[in-house]
Amino acid sequence: MKALVKAKSEPGLWMQDVPVPEYGPNDLLIRITHTAICGTDLHIYHWDDWAQKTVPVPMVTGHEYCGVIEAVGDLVADFKPGDRVSGEGHITCRHCRNCRAGRRHLCRNTQGVGVDRPGCFGEFFSLPATNGFKIPDDIPSEIATILDPFGNATHTALSQDMVGEDALITGAGPIGVMAAAICRHVGARHVVVTDINEYRLDLAKRLGATYTLNPQEKSLQEAMQDLGMHEGFDVGLEMSGSPVAFQSMLETMNHGGSVALLGIFPKPIVTDWSQVIFKGLKLKGIYGREMYETWYKMTTMLQSGLDITGIITHRFQVDDYELGFQAMEEGRSGKVILEW
Ligand code: NAD
Ligand code: ZN
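Going by an unreviewed UniProt entry, the protein carries the name L-threonine 3-dehydrogenase and comes from Symmachiella dynata. For the record of the protein, the UniProt heading Function (unreviewed entry) holds the text "Catalyzes the NAD(+)-dependent oxidation of L-threonine to 2-amino-3-ketobutyrate."

Looking now at the sheet that holds strand β16 (residues 282-285). Sheets are built from strands that pair by backbone hydrogen bonding, the pairs being arranged parallel or antiparallel. Taken in spatial order, the 6 strands line up as β13-β12-β11-β14-β15-β16 in an open sheet, and their pairing is parallel. Bordering the open sheet on either side are β13 (211-213) and β16, each of which pairs with just one other strand. Between one strand axis and the next, the sheet turns by 15° as a mean value, whatever way the strands run. Bridge count for strand β12 (residues 191-194) against β13 is 3 bridges, and the pairing is parallel. The partner of Val 193 across the bridge, within β13, is Thr 212. Against the sheet, helix α7 (residues 198-207) contacts β12 and β13, and its axis sits at roughly 175° relative to β13.

Before going further, it helps to examine the coordination of the zinc ion (ligand 2). Protein-derived ligands of the zinc ion (ligand 2) are Cys 93 (SG), Cys 96 (SG), Cys 99 (SG) and Cys 107 (SG), with the metal-ligand distances lying across 2.3 to 2.4 Å. Donor residues for the zinc ion (ligand 2), ordered by position in the chain, follow C-x2-C-x2-C-x7-C. Of this pair, Cys 93 sits in the loop between β7 (90-91) and α3 (97-100) while Cys 107 is found in the loop between α3 and β8 (111-112), placing the two residues 14 residues apart along the sequence. Cys 107 gets classed as buried once you look at its relative accessible area, which sits at 8%.

Moving on, we get to the site of ligand 1. Lining the immediate environment of ligand 1, one finds 21 residues, of which Ile 175, Asp 195, Arg 200, Ile 286 and Gly 288 sit closest. At 3.2 Å from a nitrogen atom of ligand 1 is found a main-chain nitrogen or oxygen belonging to Leu 262. Within the backbone of Gly 288, an N or O atom sits 2.8 Å from an oxygen atom of ligand 1. When ligand 1 sits alone it has 850 Å² of accessible area, and the protein chains cover 77% of it. Split into classes, the residues belonging to the shell around ligand 1 amount to 11 nonpolar, 8 polar and 2 charged.

The interhelical angle for the contact between helix α1 (residues 39-46) and helix α12 (residues 321-330), taken along N-to-C directions, is 110°, at an axis separation of 11 Å. Between α1 and α12, the crossing angle belongs to the class labelled roughly perpendicular. For the pair formed by α1 and α12, the contact residues are Gly 39, Asp 41, Leu 42, Tyr 45 and His 46 on the first element and Glu 322, Phe 325, Met 328 and Glu 329 on the second. Its residues assigned to classes, the contact of α1 with α12 comprises 4 nonpolar, 2 polar and 3 charged.

What follows deals with the nonpolar core. Soluble globular proteins tend to pack their nonpolar side chains together in the buried interior. In this structure, Phe 150, Ile 169, Cys 183, Leu 237 and Ile 308 are the most contacted members of the largest nonpolar core, which totals 47 residues. Breaking this core down by element, the ones donating at least two residues are α4 (141-145), α5 (147-157), β11 (167-170), α6 (174-185), β12, α7, β14 (233-238) and α11 (293-303). Residue contributions to this core peak at 7 residues, all from α6. Excluding residues within four positions of it along the chain, Ile 308 makes contact with Ile 143, Ile 146, Phe 150, Met 178, Ala 181, Leu 207 and Leu 302. In this structure, Leu 42, Ile 69, Leu 127 and Tyr 321 belong to the second largest nonpolar core, which totals 28 residues.

Here Thr 145 shows up in helix α4. Classification of Thr 145 as buried rests on a relative accessible area of 1%. Within the structure, Thr 145 has its side chain in polar contact with the backbone oxygen of Ser 141 (distance 2.6 Å). If we ignore the near neighbours within four places in the chain, the residues touching Thr 145 are His 34, Thr 35, Ala 36, Glu 64, Tyr 65, Cys 66 and Ile 337.

The subject of this paragraph is helix α9 (residues 243-252). Among the residues making up α9, those that are buried are Ala 245, Phe 246, Gln 247, Met 249, Leu 250 and Thr 252. Where α9 is buried, its residues meet β11, α8 (220-226), β14, β15 (253-261) and α10 (274-279).

Moving on: the packing of aromatic side chains. For the structure shown, the criterion picks out 7 aromatic pairs. Where Tyr 65 meets Phe 125, the ring centres are 4.9 Å apart and the plane angle is 65°; that geometry is what we call edge-to-face. Separated by 60 residues along the polypeptide, Tyr 65 in strand β5 (residues 64-72) and Phe 125 in strand β9 (residues 124-128) bring together distant segments of the chain. Aromatic pair Phe 246 and Phe 265: ring centres 5.6 Å apart, planes at 50°, arrangement tilted. Here the residue Phe 246 occupies a position in helix α9, and Phe 265 occupies one in the loop between β15 and α10, the gap between them amounting to 19 residues.

What follows is about the pairing of β14. Successive side chains on a regular strand alternate, one facing one side of the sheet and the next facing the other. Counted residue by residue, β14 has 5 buried out of 6 residues, so it is predominantly covered. In this structure, β11 lies alongside β14, joined through 4 bridges in parallel fashion. Its bridge partner being in β14, Leu 168 is matched across the sheet by Gly 236. Summarising the sheet, β14 and β15 pair through 5 bridges and their orientation is parallel. Bridge assignment links Glu 238 to a residue of β15, and that residue is Leu 261. In this fold, β14 hands off to α9, which returns the chain to β15; that crossover is right-handed.

Each value, and the rule that gives it
- Residues numbered from 1 in each chain as written.
- Chains lettered and ligands numbered in written order.
- Predicted model: local features only at pLDDT ≥ 70, side-chain atom pairs only at ≥ 80, totals over all residues.
- Heavy atoms only, no water.
- UniProt positions renumbered as here; feature names shortened; annotations may be inferred.
- Pairing = 2+ DSSP bridges.
- Helix = DSSP H or I, 4+ residues; strand = E, 2+ residues; numbered from the N terminus.
- Axes fitted to C-alpha atoms, helices over the stretch in contact; angles between N-to-C directions.
- Contact = heavy atoms within 4.5 Å.
- Donors = N, O, S within 2.8 Å, 3.2 Å for Na, K, Ca; no water.
- Buried < 20%, exposed > 50% of the residue type's maximum accessible area, 1.4 Å probe, protein only.
- Near = heavy atom within 4 Å.
- Polar contact = N/O pair within 3.5 Å; in protein donor to acceptor, adjacent residues only side chain to side chain.
- Areas by Shrake-Rupley, 256 points an atom, 1.4 Å probe, with all protein chains shown as cover.
- Nonpolar A, V, L, I, M, F, W, Y, C, P; charged D, E, K, R; others polar.
- Parallel < 35°, antiparallel > 145°, perpendicular 65-115°, else oblique.
- Core = buried A, V, L, I, M, F, W, Y, C linked by side-chain atoms within 4.5 Å.
- Phe/Tyr/Trp six-rings, centres within 6.5 Å; stacked < 30°, edge-to-face > 60°.
- Right-handed = clockwise from strand over helix to strand, strands pointing away.

If you want it as structure tokens, here you go:
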């Protein structure tokens, strides 16, 4: 089969002919129809320090996908060939304390699809059946393809009470923009989104932000004045990985507010922790998605009127994958879909 492979320890990805993956008695073999490119795939493409330390070569990349089940292992009862599926890309150990308690998103031995084990950028992909998620008929395959990052946005946004609250989202990457849409859908009042990229601020506005700003041009304090907010934000979602953005969030949170941290800082950061202490802020780190509460919440939000279609800005045939990576690179993009 053809697959996009990190074949060499140098920048790039290569379309290669590789064997169809084997699947065990508890696994699904999925025929991939659509994939999407994640920031992680860009790191692997560029072969930065993180990728060099983390990804063994050769490796079929990719973890955002939709496909149709081609075959199931002998012990698989709840999926059948022909089912349309996506799946959870974190493979958990089943043995640690959190796994045994059903808190699989907190597994300490998580393996990542397309990072630690072969990914979905291929014509076929094999996955433990417990990680599969059947796609309801009324959810289009393109949307099913981005459930992984939409799940990051959902897990983060729904980690605290949002109804009637004022939310600040720093970073309007695809995840920040989808988080803005969720905040509006579940009943936040002001949804303020910051980014230094105007194209992405525009996307955020179209999907649900009630106010957007570029912090290089305007301060959050000025935004609060415009909105008649006197006290501060109730909820903060850090989705940029920028230490400066995080600091500005801490400064504009109301006392007792909740901050969820999804963005990954490039290195250890120094910040004004007294903001956290004297304001009594609650901080929560977010990794991945809850298995599988986030998946059910995503599905039901999509079925009850949440429309995230606008986050998909580019579509390419997979043979043109270089164009897809280029679109991600330039930042004038939301999600980029590759059709197989
Ligand atoms: P992205 O890189 O596309 O988006 C980040 C955005 O932040 C960009 O649009 C960038 O212009 C913006 N930004 C940079 N500096 C800023 C500043 N000072 N103020 C405001 N915005 C600023 O990433 P994404 O795919 O949307 O993911 C968001 C973040 O979450 C990334 O840091 C990513 O690494 C991280 N992530 C974490 C998890 C997890 O499980 N914790 C999962 C996926 C992604
Ligand atoms: Zn575990």
